[in-house]
Amino acid sequence: MGAAMRRIHVGNALSAFGLGFTVPYLYVYVAQVRGLGSVTAGLVLAVFAVAALIVLPFAGRAIVRRGPLPVLLTALVTAAIGALSLGLAATATTVLAAAAALGAGQAVMQPALATMIVDCSSSETRSRAFAMQFFLQNLGLGVGGLIGGHLVDTTSAASFTLLFAIEAAMFLLLVVVMATVRTPRAPHVGDAPGQSAGGSWKQLLGNRAMVQLCVLGFVLFFACYGQFESGLSAYGVEAAGISTSALGTALAANTLMIVVAQFAVLKFVERRKRSRVIAAVGLIWAVAWAVAGYAGLGHGSQTMATAAFISTYALFGLGEAMLSPTLAPLVADLAPTGMAGQYNSAFALVKQLALAIGPAVGGPLGASLHAPYIVAFLLFSLGITVLALRLGRQLTDVQNQPSLARSRVVTQGGAPADAVATAEV
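Notes on the structure follow. (Residues numbered from 1 in each chain as written. Predicted model: local features only at pLDDT ≥ 70, side-chain atom pairs only at ≥ 80, totals over all residues. Heavy atoms only, no water.)

Overview of the packing of helix H4 (residues 68-88) against helix H5 (residues 92-119)
Closest axis-to-axis distance for the H4/H5 pair is 7 Å, and the angle between their directions is 155°. It follows from the interaxial angle that H4 and H5 lie roughly antiparallel. By crossing handedness, the relation of H4 to H5 is classed as left-handed. Classifying every residue of the contact of H4 with H5 gives 19 nonpolar, six polar and one charged. (Axes fitted to C-alpha atoms, helices over the stretch in contact; angles between N-to-C directions. Helix = DSSP H or I, 4+ residues; strand = E, 2+ residues; numbered from the N terminus. Parallel < 35°, antiparallel > 145°, perpendicular 65-115°, else oblique. Left-handed = near helix turned anticlockwise from the far one by under 90°. Nonpolar A, V, L, I, M, F, W, Y, C, P; charged D, E, K, R; others polar.)

So, helix H9 (residues 208-223)
The first and last C-alpha atoms of H9 sit 23 Å apart over 16 residues, in line with the 22 Å expected at 1.5 Å per residue. Counting buried positions along H9 gives 12 out of 16 residues, so the element sits mostly inside the fold. Between the side-chain oxygen at the start of H9 and the backbone nitrogen of alanine 209 there is a gap of 3.2 Å, and the oxygen is on asparagine 207. (Expected span 1.5 Å × (residues − 1). Buried < 20%, exposed > 50% of the residue type's maximum accessible area, 1.4 Å probe, protein only. Polar contact = N/O pair within 3.5 Å; in protein donor to acceptor, adjacent residues only side chain to side chain.)

Concerning the side chain of asparagine 400
Structurally, asparagine 400 can be placed in helix H18 (residues 397-400). Judged by relative accessible area, asparagine 400 falls into the buried class, the value being 6%. With residues near it in sequence (within four places) discarded, asparagine 400 still touches Arg272, Lys273, Arg274, Ser275, Gly392 and Leu395. (Contact = heavy atoms within 4.5 Å.)

Remarks on a nonpolar patch on the surface
A cluster of nonpolar side chains, contributed by Leu139, Val143, Leu146, Ile147, Leu151 and Leu162, occupies part of the molecular surface with about 480 Å² of accessible area. The element contributing the most residues to the nonpolar patch is helix H6 (residues 126-151), with five residues. For leucine 146, the position within the fold is in helix H6. What makes leucine 146 exposed here is its relative accessible area of 56%. (Patch = residues over 30% accessible without salt bridge, like charges linked within 9 Å, V, L, I, M, F, W, Y side chains within 5 Å. Areas by Shrake-Rupley, 256 points an atom, 1.4 Å probe, with all protein chains shown as cover. Salt bridge = Lys/Arg side-chain N within 4 Å of Asp/Glu carboxyl O.)

Structure, rendered in structure tokens:
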């Protein structure tokens, strides 16, 4: 890694560490500590998703026009203001306004950082770079949540104010770190003939491979991340009788699996076709849902049910470790010259949409209709496999398997494989 990439990874870890301080305790803080009730707490969580959906379409254009670094610095300052305001807010109006600022800042950070990783990597190093990003994000979230849990006191609003102040400080520290990053000059839309920011969305929607990847991404995030803290946890408590401590253990098993398996699976993933890796993840997650079905619908002991439920989260973690060096680099390789920011923002928008709809659908279903819930999401997982294999037909050989490339040239926007050889000459 070069100096720029090292700073980017430090930035990812710091932002995740700051988020880990507050995200697990946000509902308790708003509903109980501030005494604003469960409705307001639910609205705060919804505001995070809505703010992201509003700003991400504009973030892509801003990254394309101005570059990722200025956009990232603006997002970090916005998030810091939102975090500090949230720690001081005492009314529903101020809490919702602060949550909107924090949610908007967090949402824009993702595509900006992803675009900086693209600018600082080649097709040969990109999978490893994104794997490192995902590893550090999970490590930061886990460590932040662990430390935050020892600092919070539900009887003291000041303890939560301290948490949000630390989160704001992490964002501001990240501003200092990222301001020193010197990335290679990436081409902007204005540098590429016939391209304009105004027509970027139309151009993106005309890319069949990218559209199929967005559909696949929506199903991936809806069937996994969108269920972790909503439908699947509700199913575990109601159907499998899982205790809150066991639920925490399951979430820890998910993070531990990612941290342990991330680099173990990297070489395997780098040598395989990306579409087949994603298809394999669909099969792994189908097994995970089947194991979850045994936990809640089987007739084994409570110990077996708990073990099966924890195994479900671990299997999800294995799939996530396989996806991190696959999805984001594929988005980058599908983007035409100068359009990586737009494509990263579009994919982040799809993710946020899935994370907004997933809990709304999965929560009630997992809590009450146990068998239909398991069957439905098992079928969603098998659908991931089908969609991934179909996507593979839209990709060039090098886009699907970058290890085939004989040079460090990155194929862009559907360029045929022989274009790589031409560029090499």
